[in-house]
Amino acid sequence: MKLRRIAVRHFRKLADPILIDGIGDGLTIIAGDNEEGKSTLLEAIKAAFFEPAGLSGRDRLSFNPLGRDGVPTLEIAFEQHNAAYCLTKVFRRLGTVLETPRGRLEGEAAEAKLRDLLRFERLARRSNKYENHGLQAVFWVDQTTSFDPEATSARLAVARDRFKHAIEGEVGGLAIGPRGRQVLERARARRQEFFGAKDKPVGDYAKALGLVDALDSEVKILADKLKVFDALRADLLARQAERQRFMARDPLPEARLKAEHAELRLAQSRTARQECQLAEHAFKAASAACHQAEAQAKNRDHLRAEIGRQMLLIETARAEQDAMQEDLRRVQREVAAAEHAAAEASQLLHAAETRQRLEEGNHRRQVLAAEAGRLRAVLEELAEASKRRRALVADLAAMTVDAKKLGDLRATDGLRRQTMAALEATATLVRFAPEKEGAIRIGGRAVDPDAALRLTEQTFLELEGFGGLTIMPGGEALATRRRQAADAALALESALSQLNVADLAAAERVAAERERALRELAAVDEGMTARLSTTGFTTEAMARAHLDEVEAELAALPQTMQSVVEASDLPDIDFCRQAVEASATHLRTVETALSERRIAAAKAEARLEATRHECLAVESRLAAEVAVLDDEALASALVQQRADMNKAAQHLEIAERRLMAADPDGAEEAAAMARRAVQDLEAEQRRLDRRVDELAYQLRGAGDAALGEAFAERTGRLELARAQAAAMTREAHAWRLLAAELETAARNVEERLVLPVTRRLQPYLSRLFAAADIVLDPETLAPLALRREGEEEDFASLSVGTREQIAILVRLALAQLLHDQDGEAPCLILDDALAYADEGRFEIMKALLQKAAHMQQIIILTCRPRDYVGLDARLVRLEECRTDES
Amino acid sequence: MLKLLHTADWQIGAPFSHIAGDAGAVLRDERFAVVRRIAALATAREVDAVLVAGDVFDSNLVEMRTIYRLLDALEGYRGPWVMLPGNHDAALPESVWHRLARLGAPANLHVAMEPLPLALPGTQAVILPAPLTTRHTLDDLSAWMDSASTPEGIFRLGLAHGSIEGYLPDQGEATNPIAADRAERARLDYLALGDWHGTRSIDARTHYAGTPEPDRPKDNDSGNVLLTQIERPGALPLVERVAVGRHRWYRRTLNLTAAEPSAFNDLLGALIGDLGPVETLLLWLRLEGSVDLDGRAALDVALDRWQGRLRHLQLDDATRLAPSESELARLDEGSLLGRTAARLRDLAAGPQGDTATLALRLLWQEQAKGEA
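Predicted model, so just to flag it, every value in this text is computed and none were measured.

So, how was this worked out
Residues numbered from 1 in each chain as written. Chains lettered and ligands numbered in written order. Predicted model: local features only at pLDDT ≥ 70, side-chain atom pairs only at ≥ 80, totals over all residues. Helix = DSSP H or I, 4+ residues; strand = E, 2+ residues; numbered from the N terminus. Contact = placed C-beta atoms within 7 Å. Buried ≥ 20, exposed ≤ 12 C-beta atoms within 10 Å, placed from the backbone. Core = buried A, V, L, I, M, F, W, Y, C linked by C-beta atoms within 7 Å. Pairing = 2+ DSSP bridges. Nonpolar A, V, L, I, M, F, W, Y, C, P; charged D, E, K, R; others polar. Axes fitted to C-alpha atoms, helices over the stretch in contact; angles between N-to-C directions. Parallel < 35°, antiparallel > 145°, perpendicular 65-115°, else oblique. Left-handed = near helix turned anticlockwise from the far one by under 90°. Expected span 1.5 Å × (residues − 1). pLDDT = per-residue confidence, 0-100.

### Quick word on the overall build of chain A
Then comes step 1: When helices and strands are tallied, chain A shows 20 helices and 20 strands.
Then comes step 2: At a minimum sequence separation of 6, the contacts of chain A that also span at least 24 residues come to 76%.

Dropping the structure here:
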């Protein structure tokens, strides 16, 4: 279809008539500002074609011109398959007129012809619904709807049959079909009954498989229990056989007989041991009695020998004691001689020591006298220096100007001079130049007229021959300075008065004198310190106290120097001392010897006494024994005891021989072994009985558990469950395979269905996106996703601009498909499209539209005609299309 | 004259849990029901004793409840029951017989636990039993019967459980062997045998009674007891086979290649009709041949029907699916279903052939629903 002329009058915003004529085959740009009526123009075109002239109600009223009376009237000339038509639609009853190559149609006939030409049906009750627009729902794109996924999909669905027809014309009869889809859905549903996510069995199928596993586990557990049962039974049989063998051998009676024999032999050996022990006791008793008698006799001999020996010792000791007494007396005499010699040496030493002390006293007196003289001289010098020092201190007290006070005074004077200089600087200089001599007076005092006056305060000058003149120098500053100068002078005067000096020069002199006196005082102090240091004391008082001590010691020394001369014939004191030492040593030697002799004599006396005592004791013991049993009786008893002992020894030997023959250790061991053998055999028998009983008990418990029946029952159920699970598995796999194969086949069909569109879309798309393709809904052909490098991006998630561009390209491809199949493509009208395209994409889209315009008529409604500059297109400005009312 | 009822292989306590649904429970109960029928028969025929030649119980380790139920079933006959431990209930330590003894077995129940002569109460007969004391042995436990001495003029009756040597050549080295001429060598008037579940006579004096209630799909003439009469010691016994079994177990094969799908139900009906009443029939049916897609659907419907009627129908489906030309035409080659069917047919020739075949069947079934 191609639109050739559009005339609109009294339609909404386009109340004034407009006429767009001579619309060409290719690209037409209809430009108009916002609100100028571009979208209304598209609405008018759709109303002309798809709304009945007799439309009523709110929809019809919405067509009325804004702010004006008049019936909406539309006229569109168009071509279809090279046939020219002209449609006039006046929105009132029977207002449709269609001029066709075969004549003029009016009213319903014209409407019916229109529906037939454009192949649309009025499906929706309301007007301006794309359900009513047939193929044009896809190609006449309203403002801001070209990028809406839902609107795009819905519009494409309206024209589905047309596209399908075109596709089938290309790929032949190819469809999934309702039955195919029904079977596919059924297969999917059945597959879901068997398999869940990740192909995992679910529902009854999972239960059937689970039952097999559960029963398998139960059967294994029961089989294990049966094995345990069989093992128990085998064990029982083995134990029973063992017990039977034991009972057949019957070793217990023989073992018990052996044990009895062993016990008898053991009893005999024990009797022999007792007899042997009795004989041993008897022998020991006889032997002890014999030994006692022998010891008694031997002891008696020993005592007698001891008495003899003691007597001999007493004699020897007496002789030795006499010799010792003689030696003792000799040593006592030596001691007396030594004591006398020592007394003489001591007296001589005492005289020598007295003489030495007198000589030492003389020497000390001389030393003390020299020390006293020297100290007195130093103390006199110090007294003189102290006197000089006191005079200097008195002078210093009278000198009031020290260095600090002098500094303060200088500062006060400097301030006074500064203030005076400042006052002088601001003084008014008055110079007189009298023409004739005349007196000049101030306060009656004449002033030298040749001298200049420096006035610092108000002054009245009497000028002779003239009168008077009052000079008022300076201002407030002069008064201040004058006051400051007066204050400074007063301060200086006060300071001089305090220091008791006339002026600054006098003060300078006093200060210089004070410095000199201070230096002399320091020299005196230094001299006194140096002199005092020669005495070895730090203060004069200490030196004087020492002098007093020396004089006191000197006065105390004895005046016995004469006796020293009288003792000059005495021997040397060292000789006297050696003599005293030698005599003392000799005395100690002889005294030691005397002491030793005395001790030795006492010891000898004690030994003699002890020997006598011992001898008496031995004689006493011997006498006591003899009194009890005399020597003859003792000898007789000894003979008898020896005979008894020999007899007991013979009895013991016989008993020991019998004991050895009885072998008590062997009998003990044999009896123990026999007892153990009986015990072991009895224990073995009990163990076998107990084990058999235990196993029988265990088996009985296991038998009551009915394992065999349970095992057979579970095994049967397992077999059945396996068969049922296998059948379900076969069915499940069959449904899965069927669903998969149907899905694969359906996918192939769908891919082939969209192929004619995608093939036409690709040249456009490749200009916009390198290496990308569009996934189309096989049912509606609406774009579902953009696939780039294997990754699919959902169409709805793309940017508005990209969605709009893709939607336009799909329309171009569909138009191409229709063109190829039908020989004619529908007219494409875009209202304010590509508003979201960036500059680069916009240029590409322009080029693509330009290319598509070779195949189909394209009308672009835009408010920015400059964007489309450069295209091979006719530009129509809406404002230039207005016509007169007539 | 001595009148005996010879039976064996009751397998009391066999669970039949491998049979799905109610059938398993019915078969379990039927083991007791047949004992009651045997007791009633013994009473009716006034036999001198009932000899049970082994495998009274399915296992030595059955529930106490099972033992009690058996004792209840035995009450229908007041004469002597003589039971022999078989390989399933061997006289091992703590066997089911020990537990039975502890429960206090009725006075008319005699369990031959040892190979010792057992005088049959109220008769001039001695039973020479050969109880199994292990499950399996390679020794002929009946050998002792040869040397067992009994008074003159007394019936010598052998009672054993095992396989007669030489009668099952493909069995290899059979366990629990019994000499084929044992009756003759031991001078037995009658040798009552158990272990083979079918009824079988070895010679005039040697007989297997078989299990009284069949328990497997084997054509071995089971479901009987033997009523034996011996006029006098040394006389040949007169043996009567009496059917007491209720259920019948069969194994059959049906080839469907040449049959029309519409005839499938009738074919099954004819096969099953030959086997007697359906409510007590257990059938192991192997299906062979090839069927087309419609035939498969018809077969499924027929099988469903018979599955509901029989006590138990166990299928071994080895049929091959071969869609017909008309069926393939119905699945438009260009359509989704047609292409999927073609792909499944290809896969059916490959390693996942069974799955692909079943998937094709399901596809056909689903598209048929759509057609309907």
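Still more to cover.
### As for the overall build of chain B
Then comes step 1: When helices and strands are tallied, chain B shows ten helices and 19 strands.
Then comes step 2: Burial analysis of chain B (372 residues in total) assigns 45% to the buried set.
Then comes step 3: The long-range fraction of contacts in chain B, counting pairs at least 24 apart against all pairs at least 6 apart in sequence, stands at 70%.

### A short note on the nonpolar core
Then comes step 1: Judged by nonpolar contacts, the single largest core of 132 residues is most densely connected at Leu-738 and Leu-814 of chain A together with Ala-359 and Leu-363 of chain B.
Then comes step 2: The element best represented in this core is helix α18 (residues 707-768) of chain A, accounting for 15 residues.
Then comes step 3: Discounting residues that sit within four places of it in the chain, Ala-359 of chain B has contacts with Ala-734, Leu-737 and Leu-738 of chain A together with Leu-344 of chain B.

### Brief notes about the sheet that holds strand β11 (residues 200-201) of chain B
Residues and elements named next belong to chain B.
Then comes step 1: Across the sheet, six strands lie side by side as β5-β6-β7-β10-β12-β11; this open sheet has mixed pairing. Each edge of the open sheet is held by one strand with a lone partner, namely β5 (118-120) and β11.
Then comes step 2: Pairing of strand β7 (residues 155-161) with strand β10 (residues 190-194), which is carried by five bridges, proceeds in the parallel orientation. Bridge pairing links Gly-158 to Leu-191 in β10.

### A look at the interface of chain B and chain A
Then comes step 1: If you look at the interface, chain B gives 37 residues, while chain A gives 38 residues.
Then comes step 2: Looking at the side of chain B that touches chain A, the elements that each hand over two or more residues are α2 (64-74), α9 (336-348) and α10 (353-371) of chain B.
Then comes step 3: Taken together, the residues of the side of chain B that touches chain A sort by class into 17 nonpolar, twelve polar and eight charged.

### Let's talk about the sheet that holds strand β18 (residues 828-831) of chain A
Note on sheets: strands pair through backbone hydrogen bonds, and any given pair is parallel or antiparallel.
Residue and element names in this part refer to chain A.
Then comes step 1: What the five strands build is an open sheet, ordered β8-β18-β19-β3-β20; its pairing is parallel. The open sheet has two edge strands with one neighbour each: β8 (140-141) and β20 (873-877).
Then comes step 2: Note that β8 and β18 share two bridges and pair parallel. The residue bridging Val-141 from the neighbouring strand is Leu-830, located in β18.

### Regarding the environment of Val-35 of chain B
Residues and elements named next belong to chain B.
Then comes step 1: Within the secondary structure, Val-35 is located in helix α1 (residues 22-45).
Then comes step 2: Residues Val-35 and Glu-213 lie 178 residues apart in sequence; the distance between their C-alpha atoms is 9.1 Å.
Then comes step 3: If sequence neighbours within four positions are ignored, Val-35 has contacts with Trp-10, Leu-70, Ala-73 and Leu-74.

### Some points on the pairing of strand β6 (residues 96-100) of chain A
Residues and elements named next belong to chain A.
Then comes step 1: Across four bridges, the pairing between strand β5 (residues 83-90) and β6 is antiparallel. Pairing of Thr-88 across the sheet is with Val-97, part of β6.
Then comes step 2: The hairpin formed by β6 and strand β7 (residues 103-106) contains two residues between the paired strands.

### Digging into unusual backbone geometry
Outside of glycine, negative phi angles account for most residues, and trans bonds account for most peptide bonds.
All names here are of chain A.
Then comes step 1: A positive phi is found at Glu-35, a non-glycine position, where the angle reads about 70°.
Then comes step 2: Judged by the 10 C-beta atoms lying within 10 Å of it, Glu-35 falls in the exposed class.
Then comes step 3: Non-glycine residue Asp-250 carries a positive phi angle of around 45°.
Then comes step 4: Here Asp-250 lies in the loop between α8 (203-249) and α9 (252-398).
Then comes step 5: Since 10 C-beta atoms lie within 10 Å of it, Asp-250 is described here as exposed.

### Re the environment of Asp-448 of chain A
Then comes step 1: Inspection of the secondary structure puts Asp-448 of chain A in the loop between β11 (445-446) and β12 (453-455).
Then comes step 2: Asp-448 of chain A sits 17 residues away from Arg-431 of chain A along the chain, and the two C-alpha atoms are 9.9 Å apart.

### Looking at the packing of helix α7 (residues 178-194) of chain A against α18 of chain A
Residue and element names in this part refer to chain A.
Then comes step 1: In the contact formed by α7 and α18, the axes pass within 8 Å of each other and the chain directions differ by 140°. One way to sum up the angle between α7 and α18 is to call them oblique. Where α7 crosses over α18, the handedness of that crossing is left-handed. Together, Val-183, Leu-184, Ala-187, Arg-188, Arg-190, Arg-191 and Phe-194 of α7 and Ala-732, Trp-735, Arg-736, Leu-738, Ala-739, Leu-742, Glu-743 and Ala-746 of α18 make up the contact between the two elements.

### Side note on helix α19 (residues 800-822) of chain A
Then comes step 1: Under the 1.5 Å per step criterion, the end-to-end length of α19 of chain A is 32 Å for 23 residues, consistent within 8% with the ideal 33 Å.
Then comes step 2: Gly-823 of chain A sits one or two residues past α19 of chain A and shows a positive phi near 85°.

### What about the packing of α8 of chain A against α18 of chain A?
Two measures define how a pair of helices packs: the angle their axes make with one another and the distance between the axes.
All names here are of chain A.
Then comes step 1: At a closest axis distance of 8 Å, the pairing of α8 and α18 adopts a crossing angle of 155°. Comparing the axis directions of α8 and α18 gives the class roughly antiparallel. Judged by the sense of rotation from one axis to the other, the crossing of α8 with α18 is left-handed.

### Structural notes on the pairing of strand β3 (residues 27-31) of chain A
Residue and element names in this part refer to chain A.
Then comes step 1: The buried fraction of β3 amounts to five of the five residues, a majority that puts the element mostly inside the structure.
Then comes step 2: Along β3, one buried face is formed by Leu-27, Ile-29 and Ala-31 and the opposite face, lined by Thr-28 and Ile-30, is buried too.
Then comes step 3: Direction of pairing for β3 relative to strand β19 (residues 858-862): parallel, over a ladder of five bridges. Note that in β19 the partner of Ile-30 across the bridge is Leu-861.

### Regarding the environment of Asp-548 of chain A
Residue and element names in this part refer to chain A.
Then comes step 1: With respect to the helices and strands, the residue Asp-548 is situated in helix α13 (residues 540-556).
Then comes step 2: Judged by local crowding, Asp-548 falls into the exposed class, with 11 C-beta atoms found within 10 Å.
Then comes step 3: Each C-alpha atom, one on Asp-548 and one on Leu-375, is 10.0 Å from the other, the two residues being 173 residues apart in sequence.

### Some thoughts on the confidence of the model for chain B
The predicted coordinates ought not to be read in detail in places where the model reports low pLDDT.
Residue and element names in this part refer to chain B.
Then comes step 1: Looking at chain B as a whole, its pLDDT mean stands at 92, while 97% of the residues score no less than 70.
Then comes step 2: Across chain B, the element-wise mean pLDDT spans from 81 in helix α8 (residues 325-330) up to 98 in strand β2 (residues 49-52).
Then comes step 3: Under the prediction, the complex receives an ipTM of 0.87, its pTM being 0.55.

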